[in-house]
Amino acid sequence: MKLKLTWLLTLFMAFVMQFSFAQEKTVTGTVTTASDGLPLPGTTVLVKGTSRGQQTDFDGKYSIQVTPSDVLVFSFVGFATVERPVGANTTINVGMNEDNTLDEVVVTGFTTEKRTTTTSAVTTLSAETVDSRPNASIATALQGQVPGLNIGTGSGQPGANSVILLRGVGSINGNIEPLFVIDGVPVDEDNFRSLNNNDIANITVLKDASASALYGNRGANGAIIITTKKGTFGSDLAINYRSQFGYSVLPDKNFDVMNSFQKLTYNKRVGSGFGSNLTDAEIATISRQTNTDWEDVFFRPGETISHNLSLSSGSELFSTFTSLGYFEQSGVTLRSDLQRFNLRSNVSGKSSNNKFNYGTNLSLNFSENNFIQNEGTGNLSNPFLVPYVALPYFSQFNPDGTLNTVGSGLDTFDNTPYTALNNTVLNTNRVEEIKFIGSINADYEFAKNLSASIRFGLDYTYNRGIFIEDPTSVYGSTAVNGGDAEFQGTNAENYSRDARFNNLVGLNYNNVWGDHDLDVSVFTEYNKSYLNTSGFTQVGLNPKIFEFGTSFIPGDTFEDLNDDGVAALDGSEFPYIPGISLNEITIGIFSYFGVLRYTYDDKYNFQGSVRRDASSRFAESNRWGTFWSVSGSWNINKEGFMDGSVFNNLKLRASYGVTGNDRITGGYYGSDDATFDTYAQGSGYNNSVGLFANQIGNRDLKWETVTQTNFGIDFGLWNNKLNGSIDVYNKVTDDLFQSQPVSALNGVNTISANLGQLTNKGAEAVINYSAISNPDGFSISFFANGSYNENEITELPNGVDEVLGGGRTNSLGVGEKLGEYFAVIWAGVNPANGQPLYRDVDGNLTETYNLSNRVWTDKSVYPTYQGGFGFNSAFKGFTLDTQFSFVADIYRYNGSLGVIEDPGLTTLSNGSLALFNDQWQQPGDVTGIPRAGSTSVRNLLTTRYLEDASFLRLRNIVLGYNFAEALKDANFIKGAKVYVQAENLITWSKWRGWDPESSFRNSDFFDYPTTKIFTLGVDLTF
Amino acid sequence: MNNKFIVLMIVSLFFACNDAIEIVPEDEFTPEITFESVSDLQQGLNGVYAQYNFEADITYNSIFTDNVKPGYASGGQQIPFFNWLLPTSSGNVTALWNSYYDMINAANRVIEASVFVDVSADEQVAFNDILGQLYGLRAVAHYHLHTYFTTDYLDESALSAIISDRVPVVTEVFARNTTGEMYDFILEDLATASGFLSSGFNNNGFITEDFITGLRARVALLRNDASGIGLADNLIGQYPLANPAEYAAMFFDQDDTEVIFKLFRTTPVGGIWYFTNSAGPFLEASNGLYNTLEAADDVRLGVNINLTNDINVAEGGPTDISENIILIHKYPGNSSPFVNNIKAMRVSEMYLLKAELQVKAQNNLPGAALTLKQLRDARNGADTPLATYANSTEALADVMNERRMELAYEGARFLDIKRNKSILGGISRNPIDCAQGGACELPASDYRFTLPIPQVEVNANPSITQNPGY
């Protein structure tokens, strides 16, 4: 692959040179913001009186062919337009001043609107905040960048999904993640591993009801609108090549296990397990000979390689953007990796009278993901279990010096490292994915002030999952009939095809007269999605070519397992019969809606929207939901009394509205038939076919609704040198989809119903400050954002105060938080006898664990505080940028640590160093570790391992150098930049594990931590 | 241009709306099409049998008592339950409650649907046999629930479980019935079942007339009702006791001499105590049971404990007494490891039931001794001495000791202790079995001999009467 790319690049180089020599005079330069001296990417540079021109690159650089008599026009929304005659100059650098008219646009949905007249709570991010980050998933890079937007990544697997929360968690069982829209196409919010970050132009986060009312049927949790890069009309060909190379490593683990000497000594002390009968001298000898650090065997530095090539150009009526991407990242443990190829073509065109516009956005992506097995479980094949429990006095090597991948060959606890290694090396767990996102759009102004528009989009994902157990592996060798059959091994594949169509048709009326500006649109929207899954499982493979279908042992092969000469009647002597599956789900939504915007005198802005949505998930009577919003804003800085004030921008906003959520069980394809009673055919008694009651339908199911009130203020002082915004909100979810307990006499314990209420209240702030701004010297600007969110359950089913669950966080209480731990308070160890101590409900100490002593802890899996801060600085050609992120008041149960402190497991596995150092041994010992032989506590619902998972993390730091000066006379390279960057370089946290971050899960159990990534990058523009 | 665009728009509008929102689950069995014929009813019945989760009984009766201890491969599985931690959310309690009510609900659905099925003359016998089995299954499910959840077998006004004789409306909640009502209901269902079953229907893998007789005897035992002796004798007359070779073969599914009712199984029963992939035991036979079996030293020692010398790892084994490894062998597997049919009613149980009633209902101690001797002779394959008892307590203790050996790991031990705890005391473990964790004694007065109404039921029905102590 690498070879091919090199070849491809060489070809491009040759291609580029030819273009470059075709012109006479080239003017280059850098466009910066005058206030802080930072580059201003995306500035349009036009030759006055022509349509020739281009946009500045990410470093604000441009290069354009001109004659000395030309005049260059520099324009950028929100900045005053600058004109410069060319004359004899070959370099023209421009510092742009913010323009008080502030015509920056905001993409709020199906349309765009001007920043000054928007009435909504919106945050916009530009490309550079995400596009050069070495994260395989776009979502990961958003962490800490938007107030109120929580990104929780629970796995270090390259491309792993993140859980995304906007303004708290808004549903108990329904979907809690915001809607993602790429170039107008709603896409799967859980799958970004195949998409190319480099293509992103900007990201808009819509938070309140007025913005997301446009997506009312799916916008209950807000919406994240991603726009990809496009070519510019009338611009020359620009070629950009970017590459990164780097390593990733595990973060510091923040816990310790025993080494050989400690473990054997410990076993001797407690009198159980290997070592209990050894002399001190024998222990010393063994621990000198073997003291394996199993991390050395399983973990490795991961590698990141990326190449991205993009071409953009435009004629008068046509523009294109084309990109080609390659990304490869291996995880920090064996076998884990991601490799992907991306191709994008964005095309725009228009009629010469500007009345007809059209465009297509196509992206084709292929990725191959290799996964570890049983991530986040106690299954012995999980490599992240190994450093916790593997015994250090076992050797990783065979006597002949080769790596031992068998051990005892048994699937037993003490054989964990060998089983895990065996499985990792020999078996396969892979997903190949083809992802296509495409849309076409067109609009036509068919009469004065009236235009019609259409957009059709498709998000298509095809997955092939491959799961193979080598017949010779520990697992594979017992795959058929517990190992008691001639052929062994498993080869299973599953396929899923997910196609989501979206079609939008609209009519728009827009008129400006006098001080009035009116814009009215009506739309209909059609959504339909199809999921087809199928798969097979073959057990019994010829070991020579077990990866292929030709190795499958025929299903009618008879094995005389009990040597009685006849086939058993129950079919168990035909062990190679393959398993097959097939399923199909269809989901649809139909909507019509209207939006009205009105602005008076550029000061007073109003927006109203109303929509009707019908979802196929609900029975006819409850199918339609009505959602609406009203919002307004006041540009105070434009009032006469503000003349001469330091405020160049001061705007007050307010919005109120209702949005809906039909994904009441969370998954995109969930609850598709929850309103129907169904039976199912299954394996009945004695190998017969049986019919079973499968589901009791609830015809009353309906939309969950979210009612949100938002007040906000936007401000800019001293020509935006200091700017920011503050928002407060109250978000109430009603008709929560929940389990309603029913008597077991129904054959089930719960049915699903719309019951209860949940409230999120919070505040958010963003502030940016350009402290020093000197385009020729030192510039620095600071930014910070933060949010506070208070979650509270305000009503439960049947009017009860509490619904108690048997888990850590599935109890619900009115006045409590969602995801709050309900547990027995751990009170340490009784110094008198070394037994665990708890608090009863009255706070008294007791040695008896009883579930009735559980109390609300006020500690939740969801954070109260979240945010980020950092600075961007530049000096001459150097840049140094940092971004910190933090979450606070977030808790999680440390189940992994519980295992290594479990006194019941010490004979089977290694344990925490705390057992060796701190375990209670004699009356009077004051310690937190109960005596050897005491009962296991970790699986009880106590607060013992409930830890503060707050963290502050240096999320990203980049040191770059820009070769602008050195290249100013170069005639084909227009820009070059090199940089080194580190992700997750430093983390401050009390969490005892590798990684305090998670996907808001309630317990850690040998999870794959997110990693530190170091990369070296280069960015060239031709 | 103009017109083309408008046409395109209008067309796209039309292909929308109902196509997107009228989606019916064509791929599902809706109630309208599920039960239309006698063969559909048979499939429904197959589903009811499939929900007969006798493994829940075996789990409860072996682990909560003195018949197992933590195994060498324990990773903590079932240990809190072994140590008698019994919250209302206990998975083992919930499993019993849920699986028997699931089974009852399934039976009620098929019974109610049967009314609407057209039955031709040549289908009538098959149709009646289906109904007979459904009523029999509904009765036995109620019987199981009653045994665990009632506070008192003999007090007819004590609370039992809930009687469910129809498919409820989903939001309905129910109060608990009394023990007396429960006995009446079970016997009434058994009479209905008996009326439907044809005389030729005698496959012991299904509900037959003989099983119904045996279940009536079990109900009589709970009530100290001497009529159970006659019922037991009826079956004793029909089914011989297995000789030692037949007995050993029976647990490899190769002999049915004394099997009145068995449940076919295709998944490992031994998974109750073993990791079935690796055959590592997280629970082993208790030293208490082993010592008892070893003292008796008959065919039951090798049937219950894996003493085979061939190291067939896949079936768990072998036992290594020197390391105190004692492995359960009642479900060694037939063609697949740990997969065996469950012998849910054997004629030996009828001997034990008869002996117990002879002691408790008739105070006929010599008679009980003679009944036990018949069983012991069969198990030894030789003549055994006739016991003499000084009093009924001694006789009952001997019956219980015999039951422990004969019905080990067959879902009886906990209920046997519960039934006779007022005379013989509660659970007392061999000190070696409870060395870790220290839970050795559960006195007769302990509330945990009656199971809690599970939390899942209380959630739906907060006013239901909970059993004392929870």
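Residues numbered from 1 in each chain as written. Chains lettered and ligands numbered in written order. Predicted model: local features only at pLDDT ≥ 70, side-chain atom pairs only at ≥ 80, totals over all residues. Heavy atoms only, no water.

Participant: Honestly, the state of the cysteines in this entry has me stumped. Any pointers?
Facilitator: Two cysteines, two sulfur atoms, one covalent bond between them: this is a disulfide. Residue and element names in this part refer to chain B. By the definition in use, this model includes one disulfide over all chains. What pairs with C434 in a disulfide is C440, and their sulfur atoms sit 2.0 Å apart. Between C434 and C440 the sulfur-sulfur dihedral comes to about 105 degrees; the bridge is accordingly right-handed. (Disulfide = S-S within 2.5 Å.)

Participant: Explanation requested: the side chain of A:S310 in the structure shown.
Facilitator: All names here are of chain A. Secondary-structure assignment places S310 in strand β18 (residues 302-314). The class of S310 is buried, set by a relative accessible area of 9%. With sequence-adjacent residues up to four places away left out, S310 is seen in contact with A238, I239, N240, F321, T322 and S323. (Helix = DSSP H or I, 4+ residues; strand = E, 2+ residues; numbered from the N terminus. Buried < 20%, exposed > 50% of the residue type's maximum accessible area, 1.4 Å probe, protein only. Contact = heavy atoms within 4.5 Å.)

Participant: How do you make sense of the side chain of B:K343 when you look at a structure like this?
Facilitator: One can find B:K343 in strand β6 (residues 342-346). Leaving out residues up to four positions away in the same chain, B:K343 has contacts with B:M250, B:F251, B:D253, B:V259, B:F261, B:K262 and B:E410.

Participant: Can you walk me through the pairing of strand β24 (residues 488-513) of chain A in this structure?
Facilitator: Within a regular strand, the side chains alternate between the two sheet faces. Residue and element names in this part refer to chain A. Pairing analysis gives 20 bridges linking strand β23 (residues 450-469) to β24, with the strands arranged antiparallel. Bridging from a neighbouring strand, R455 pairs with L504 of β24. Here β24 pairs with strand β25 (residues 516-541) via 25 bridges, running antiparallel. Bridged to V505 within β25 is T524. The loop that links β24 with its antiparallel partner β25 comprises two residues; one of these, G514, has a positive phi angle of about 55 degrees. (Pairing = 2+ DSSP bridges.)

Participant: Would you take a moment to explain the pairing of strand β22 (residues 428-447) of chain A for this structure?
Facilitator: Residue and element names in this part refer to chain A. Bridge count between strand β21 (residues 356-370) and β22: 15 bridges; the pairing is antiparallel. Counterpart to F366 in the pairing with β22 is I434. In sequence, β22 turns back onto β23 through a hairpin of two residues, with N449 there showing a positive phi of about 70 degrees.

Participant: I would appreciate a short explanation of empty space enclosed by the protein in the present structure.
Facilitator: Rolled over the atoms, a probe sized like a water molecule indicates the empty space that remains. Counted by the stated rule, this structure contains 17 cavities of 30 Å³ or more. Around the largest cavity, the lining is made up of 23 residues, and of these B:R218, B:E349, B:R403, B:G411 and B:A412 lie nearest the centre. Sorting the residues of the lining of the largest cavity by element identifies α5 (54-63), α8 (124-149), α10 (209-222), β6, α15 (347-360) and α18 (413-424) of chain B as the ones contributing at least two each. Looking at which element gives the most residues to the lining of the largest cavity, the answer is β6(B), with four residues. For the lining of the largest cavity, the class distribution of residues is eleven nonpolar, three polar and nine charged. There is about 230 Å³ of room inside the second largest cavity. In this structure, the second largest cavity is lined by 23 residues; those nearest its centre are A:N135, A:T140, A:S155, A:G156 and A:I1013. If you list the elements that add at least two residues to the lining of the second largest cavity, you get β19 (318-330) and β49 (951-962) of chain A. (1 Å grid on protein atoms, 1.4 Å probe; cavity = no way out; pocket = protein on both sides within 12 Å on 5 of 7 lines; lining within 4 Å. Points joined across faces, edges and corners; volume = space filled by probe spheres on them. Nonpolar A, V, L, I, M, F, W, Y, C, P; charged D, E, K, R; others polar.)

Participant: Would you mind showing me how to read the interface of chain A and chain B here?
Facilitator: Interface extent is often summarised as the accessible area lost during association of the parts. Every contact between the two is made by 75 residues of chain A and, on the other side, 73 residues of chain B. Buried surface at the junction of chain A and chain B, summed over both partners, amounts to about 6200 Å²; 63% is from carbon and sulfur atoms. Three residues, A:Y679, A:Y685 and A:L745, lead the burial of chain A against chain B; their summed loss comes to 16% of the area buried on that side. In this structure, the connection of chain A to chain B is made through zero salt bridges. Summed over the shared surface of chain A and chain B, the result is 15 residue pairs in polar contact (both at pLDDT 80 or more). For the side of chain A that touches chain B, the secondary-structure elements that each account for two or more residues are β22, β23, β24, β25, β26 (579-600), β27 (604-615), β30 (678-683) and β31 (689-695) of chain A. Among the elements that make up the side of chain A that touches chain B, the one with the highest residue count is β26(A) (seven residues). Class assignment for the residues of the side of chain A that touches chain B results in 35 nonpolar, 29 polar and eleven charged. (Buried area = accessible area lost by both parts, 1.4 Å probe. Salt bridge = Lys/Arg side-chain N within 4 Å of Asp/Glu carboxyl O. Polar contact = N/O pair within 3.5 Å; in protein donor to acceptor, adjacent residues only side chain to side chain.)

Participant: Can you help me understand the packing of helix α7 (residues 91-114) of chain B against α8(B) in this one?
Facilitator: The packing of two helices is summarised by the inter-axis angle and the distance between the axes. All names here are of chain B. It is the contact of α7 with α8, at a shortest axis distance of 9 Å, that shows an interaxial angle of 155 degrees. By the criterion of interaxial angle, the relationship of α7 to α8 is roughly antiparallel. For the crossing formed where α7 meets α8, the hand is left-handed. (Axes fitted to C-alpha atoms, helices over the stretch in contact; angles between N-to-C directions. Parallel < 35°, antiparallel > 145°, perpendicular 65-115°, else oblique. Left-handed = near helix turned anticlockwise from the far one by under 90°.)

Participant: Where do I start with the confidence of the model for chain A in this structure?
Facilitator: Parts of the prediction with low pLDDT should not have their coordinates interpreted in detail. Residues and elements named next belong to chain A. On average, chain A scores 86 in pLDDT, and the residues at 70 or more come to 95%. Counted against residues more than four places away or in other chains, residues 1-5, with its pLDDT under 50, gives five contacts. Counted against residues more than four places away or in other chains, residues 8-23, with its pLDDT under 50, gives 15 contacts. (pLDDT = per-residue confidence, 0-100.)

Participant: Looking at this model, I keep getting lost on helix α4 (residues 38-50) of chain B. Mind explaining?
Facilitator: In an α-helix, one turn spans 3.6 residues; hence positions three or four apart end up facing the same way. In this model, α4(B) (13 residues) spans 18 Å end to end at C-alpha, consistent with the 18 Å of a helix rising 1.5 Å per residue. Of the positions making up α4(B), those classed as buried are B:V38, B:D40, B:L41, B:G44, B:L45, B:N46, B:G47, B:V48 and B:Y49. (Expected span 1.5 Å × (residues − 1).)

Participant: Just checking my understanding: could you explain the packing of aromatic side chains for this structure?
Facilitator: When we look at a pair of aromatic rings, we describe it by the centre distance and by the angle of the planes. All names here are of chain A. Taken as a whole, this structure holds 71 aromatic pairs over all chains when the rule is applied. Consider the rings of Y388 and F1006, whose centres lie 4.9 Å apart with planes at 70 degrees: the pair is edge-to-face. You can see Y388 sitting in helix α7 (residues 386-389) and its partner F1006 sitting in the loop between β52 (1003-1004) and β53 (1012-1021), a full 618 residues away along the chain. Under the relative-accessibility criterion, F1006 is labelled buried at 1%. Seen from their ring centres, Y592 and W624 are 5.8 Å apart, and the 50 degrees between their planes marks the pair as tilted. Taken together, the positions of Y592 in strand β26 and W624 in strand β28 (residues 624-635) put the pair 32 residues apart, joining distant regions of the chain. Since its relative accessible area comes to 41%, Y592 is described here as partly exposed. Look at W624 and you get partly exposed, because its relative accessible area is 29%. Directly above the aromatic system of F255 lies the positively charged group of K253, at a separation of 5.3 Å from the ring centroid. (Phe/Tyr/Trp six-rings, centres within 6.5 Å; stacked < 30°, edge-to-face > 60°. Lys NZ or Arg CZ within 6 Å of the ring centre and 35° of its normal.)

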